[in-house]
Amino acid sequence: MEGKPEDDGGDLTRRGFLGGTGAALVVAGVPTLGGVGVEEEGVSTQLLEAVPQTAIRVTVNGTEHRVEVEDRWTLNEFLRDHIGLTGSKIGCNRGECGACTVLLDGEPVYSCSTLAVWADGREIVTVEGLERGGDVSPLQQAFMDHNAAQCGFCTPGQLMTATALLDRIPQPTTGEVREAMVGNLCRCSNYNAIVEAVLAAAATSGSGGAQ
Amino acid sequence: MKAFTNQNARTLDEAVALAQQALRDGRSVSFVGGGTDLLQLMKDKVVNRPGSGDPDVLVNLKTVEGLDEVTSSGQVVTIGGLTTLEALVEHPVIRDRLTVLAEAAESVATPQIRHTGTLAGNVVQRPWCWYYRNGFPCYKAGGNRCFSIAGENQLHAIFGGGPSYIVHPSDLAPALVALDATFRVVGPEGERTLSGPDFFVLPSQDAEHENVLADDEVLASVALPAPGDGVRSAYHKIMDREAWTHALVSAAVVLDMDGDVCREARIVLGGVAPVPWRVPGAEALLAGQRVTPELAREVGAAAVAGARPLSKNAYKIPLTRGVVERTVLALATSA
Ligand SMILES: Cc1cc2nc3c(=O)[nH]c(=O)nc-3n(C[C@@H](O)[C@@H](O)[C@H](O)COP(=O)(O)OP(=O)(O)OC[C@H]3O[C@@H](n4cnc5c(N)ncnc54)[C@H](O)[C@@H]3O)c2cc1C
Ligand code: FES
Ligand code: FES
């Protein structure tokens, strides 16, 4: 097989990161990353343009935020890195695991695969928004009762997808639960306990407890 | 991701104008629907627009008023390009009358992707060939070779390949072609309406692109002739796992039935060719016939006539034959 073409990603990422401070920067002597051994380039100077930003208004867990976001931020970067909601996780950052699932106007979406700037005027619920007056939701309680979290990394995403399901179908069948949850992988392979927990939550309350 | 500018378009004309402006400024541009395909390409720095790198400007179509509507007027059902896959699954007219399209939409990925991904984005998504997606300088990235020919070609084309052997990735495309859809394209010179065979292009015609869209043209909507009373349709997709992946092989089948006699059939394959692959030889066997298990078997065999597998994908031939046979028989004998 042919060798993989050379990756210049390290350099771009570093520049992008520096650009993320928002100001025009002069960068000197950026080392090339990702080659065999790090090579020091001669002193190079580069003027970076300001990164495009947009003012948006977005409601997250019932609180309205009027903020400037960089156009290139994913919704997940905005939530985790800029308003401190680290509940949603990044497993793959490419629509292949489900750990980043949040509710956008009540529907489950991958926050890694949509942009913050597109959430303008919309309503988001993350796992932090499931509690009511200091109490976990019936679904969260059922997850605890049924040991539906092992390492727990996938759990916030599982909870969001299941919350949307129970809002739409309060008493789902086992088949409906499995179908609704196909977009959330569990690396610990705890699927049976997760399905049991969702069914148990449906039996106790008929509601996952979002808004 | 590298820095880029998001521009919200309010109208189709504005979307086209924004794209033209960006191109005039020497900036690369992409239209975007849900972004479920485009954002992965951008994160991976895969060359989406040969010659221009990943986009400096995204023209967001989600803000175009009315582009996500389904309207049925008399003999035509029109579906806006920004209609989400989930909306297709749930729409009563599509479920009941255009079942193959609802089933194709439902077979895509996961609920999360179906809530975000759009019809136009699905049809226009770039190939998921592992060479292209991993940065190899192949035809699809503006290069001049196809790495699958001498490489790992398990998922590649058995029909219509050369010089590139990608398979068309869209699940909706075979269903739309089976339903005789026309594609409404809006660009700087106004709009044009194209049939399936005119919209999709083989690599032998244009190795870089999968369709005729120019960089400043939008797929605005599709129009489907409303099917008559005897028409039934189904989409059958074979995957290497139960969900969340593209088709190894799929069949979109539309039968116009008069009792147990088939008046006319349209059969379009997915996962086997660089475009949605219609099999007229197989369709012709059904015209005017009662559909028996024997006939369905012949139709399956006719569907794979002329297949030319690569070194590692001959398994797609019996798979295709079986999918066509089973889908035709099940559909003809249902209801
Ligand atoms: C993990 C994973 C699994 C997947 N599985 C499947 C599957 O099983 N079946 C399947 O069919 N797909 C699958 N997909 C692809 C998925 O991205 C599409 O199904 C989805 O519908 C794309 O729609 P979008 O609106 O998000 O497209 P976008 O990402 O917004 O756009 C895709 C491409 O089309 C262009 N584009 C978008 N809208 C227009 C328009 N109106 N006019 C002109 N150009 C336009 C964009 O510039 C871009 O190049 C999968 C994707 C992922 C990440
Ligand atoms: S992090 Fe979004 S789907 Fe994996
Ligand atoms: S509990 Fe560990 S990944 Fe699901």
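Quick caveat, the model's predicted, so the values are computed rather than measured.

1. Regarding the overall build of chain B
- Broken down by element type, chain B carries 13 helices and 13 strands.
- Judged by the C-alpha coordinates and their principal axes, chain B covers about 60 × 50 × 35 Å.
- Of all 335 residues assigned to chain B, the portion counted as buried reaches 57%.
- Distance between charge centroids for chain B: 6 Å, based on 30 positive and 38 negative side chains.

2. Details of the site of ligand 1
Residues and elements named next belong to chain B.
- Near ligand 1, the surroundings consist of 37 residues, among which Phe31, Gly34, Thr36, Thr118 and Asp171 are the closest.
- Alanine 109 has a polar backbone atom sitting 3.4 Å from an oxygen atom of ligand 1.
- Relative to its unbound accessible area of 980 Å², ligand 1 is 99% covered by the protein chains.
- Among the elements of the structure, β2 (29–32), α7 (119–124) and β8 (218–225) are those that each provide at least two residues to the shell around ligand 1.
- Element by element, the count of residues in the shell around ligand 1 is highest for α7, at 4 residues.
- Class assignment for the residues of the shell around ligand 1 results in 16 nonpolar, 15 polar and 6 charged.

3. Some words on the pattern of salt bridges
- This structure, assessed with the given rule, holds 24 salt bridges over all chains.
- One salt bridge in this structure joins Glu96(A) and Arg94(A), with 3.6 Å as the shortest N-O distance.
- Given a relative accessible area of 41%, Glu96(A) falls into the partly exposed group.
- Here Glu210(B) ties to Arg126(B) by a salt bridge, and the two come within 2.9 Å at their closest N and O atoms. In this pair, Glu210(B) sits in the loop between α10 (196–199) and β8 while Arg126(B) sits in the loop between α7 and α8 (130–133), placing the two residues 84 residues apart along the sequence. By the burial criterion, Glu210(B) is buried, and Arg126(B) matches it.
- Among the charged side chains, a network of salt bridges with common partners joins Arg57(A), Glu64(A) and Arg66(A).

4. Some thoughts on the sheet that holds β2(B)
All names here are of chain B.
- The 3 strands lie next to each other as β1-β3-β2, forming an open sheet whose pairing is parallel. Strand pairing shows two members of the sheet lacking a second neighbour, β1 (5–8) and β2, which therefore form its edges. Strand after strand, the sheet turns through a mean of 25° between neighbouring axes, direction not considered.
- Note: β1 against strand β3 (residues 57–60), 4 bridges, orientation parallel. By the bridge assignment for β3, threonine 5 is matched with valine 57.
- Its contacts with the sheet place helix α1 (residues 12–24) against β1, β2 and β3, and it is angled at close to 160° to β2.

5. Here we look at the pairing of strand β6 (residues 182–187) of chain B
Residues and elements named next belong to chain B.
- Sheet topology note: the β6/strand β7 (residues 190–195) ladder contains 6 bridges and is antiparallel. Within β7, the residue paired with glycine 187 across the bridge is glycine 190.
- Counted between consecutive antiparallel strands, the loop separating β6 from β7 contains 2 residues.
- Judged from the 5 bridges that link them, β6 and β8 form a sheet pairing that is antiparallel.

6. Here we look at helix α6 (residues 191–204) of chain A
Residues and elements named next belong to chain A.
- For α6, spanning 14 residues, the distance from its first C-alpha to its last is 20 Å, which sits close to the expected 20 Å at 1.5 Å a residue.
- Looking at α6, one finds that the buried residues are Ala193, Ile194, Val195, Ala197, Val198, Ala200, Ala201 and Ala202.
- Here the buried face of α6 lies against α3 (138–145), α4 (155–168) and α5 (174–180).

7. A look at the nonpolar core
Residue and element names in this part refer to chain B.
- Core analysis: the biggest nonpolar cluster contains 45 residues, and Ile79, Leu101, Leu172, Leu176, Phe183 and Phe199 have the highest contact counts within it.
- Mapped by element, the contributors of at least two residues to this core are β5 (76–80), α3 (85–90), α5 (99–106), α7, α9 (172–178), β6, β8 and β10 (249–258).
- In terms of residue count, the dominant contributor to this core is α9 (6 residues).
- Sequence-distant contacts of isoleucine 79, that is, excluding residues within four places in its chain, are made with Glu69, Val70, Leu88, Ile94, Leu101, Leu119, Ser221, Val222 and Leu224.
- By size, the runner-up hydrophobic cluster in this structure holds 31 residues, among which are Ile238, Val249, Ala265 and Ala273.

8. Regarding the interface of chain A and chain B
- Taken residue by residue, the interface counts 38 residues in chain A and 34 residues in chain B.
- For the pair chain A and chain B, the summed buried surface comes to about 2,800 Å²; carbon and sulfur atoms form 62% of the total.
- For the pair chain A and chain B, the interface holds 1 salt bridge.
- Run the count over chain A and chain B and you get 15 residue pairs in polar contact (both at pLDDT 80 or more).
- The set of elements that each furnish at least two residues to the side of chain A that touches chain B consists of α1 (9–19), β6 (107–110) and α5 of chain A.
- By residue class, the composition of the side of chain A that touches chain B is 16 nonpolar, 13 polar and 9 charged.

9. Quick word on the packing of aromatic side chains
Residues and elements named next belong to chain B.
- Counted by the stated rule, this structure contains 8 aromatic pairs over all chains.
- Their ring planes at 20° and their centres at 5.3 Å tell us that phenylalanine 159 and tryptophan 277 sit as a pair that is stacked. Taken together, the positions of phenylalanine 159 in the loop between α8 and α9 and tryptophan 277 in strand β12 (residues 277–278) put the pair 118 residues apart, joining distant regions of the chain.
- A centroid spacing of 4.6 Å and a plane angle of 10° characterise the contact between phenylalanine 183 and phenylalanine 199, whose relative ring orientation is stacked. Of the two residues, phenylalanine 183 is situated in strand β6 and phenylalanine 199 in helix α10; the sequence distance between them amounts to 16 residues.
- Overall, phenylalanine 183 belongs to the buried group, its relative accessible area being 0%.
- Relative accessible area serves as the criterion here: at 0%, phenylalanine 199 is assigned to the buried category.

10. Points about the domain arrangement of chain B
- Taken domain by domain, chain B holds domain 1 (5–63) and domain 2 (231–332).
- When each unit is reduced to the centre of its C-alpha atoms, the spacing between domain 1 of chain B and domain 2 of chain B is 36 Å.

Procedures and definitions
- Residues numbered from 1 in each chain as written.
- Chains lettered and ligands numbered in written order.
- Predicted model: local features only at pLDDT ≥ 70, side-chain atom pairs only at ≥ 80, totals over all residues.
- Heavy atoms only, no water.
- Helix = DSSP H or I, 4+ residues; strand = E, 2+ residues; numbered from the N terminus.
- Buried < 20%, exposed > 50% of the residue type's maximum accessible area, 1.4 Å probe, protein only.
- Lys, Arg positive; Asp, Glu negative; His and termini not counted.
- Charge placed at Lys NZ, Arg CZ, Asp CG, Glu CD.
- Near = heavy atom within 4 Å.
- Polar contact = N/O pair within 3.5 Å; in protein donor to acceptor, adjacent residues only side chain to side chain.
- Areas by Shrake-Rupley, 256 points an atom, 1.4 Å probe, with all protein chains shown as cover.
- Nonpolar A, V, L, I, M, F, W, Y, C, P; charged D, E, K, R; others polar.
- Salt bridge = Lys/Arg side-chain N within 4 Å of Asp/Glu carboxyl O.
- Pairing = 2+ DSSP bridges.
- Axes fitted to C-alpha atoms, helices over the stretch in contact; angles between N-to-C directions.
- Contact = heavy atoms within 4.5 Å.
- Expected span 1.5 Å × (residues − 1).
- Core = buried A, V, L, I, M, F, W, Y, C linked by side-chain atoms within 4.5 Å.
- Buried area = accessible area lost by both parts, 1.4 Å probe.
- Phe/Tyr/Trp six-rings, centres within 6.5 Å; stacked < 30°, edge-to-face > 60°.
- Domains from an automatic or database assignment.

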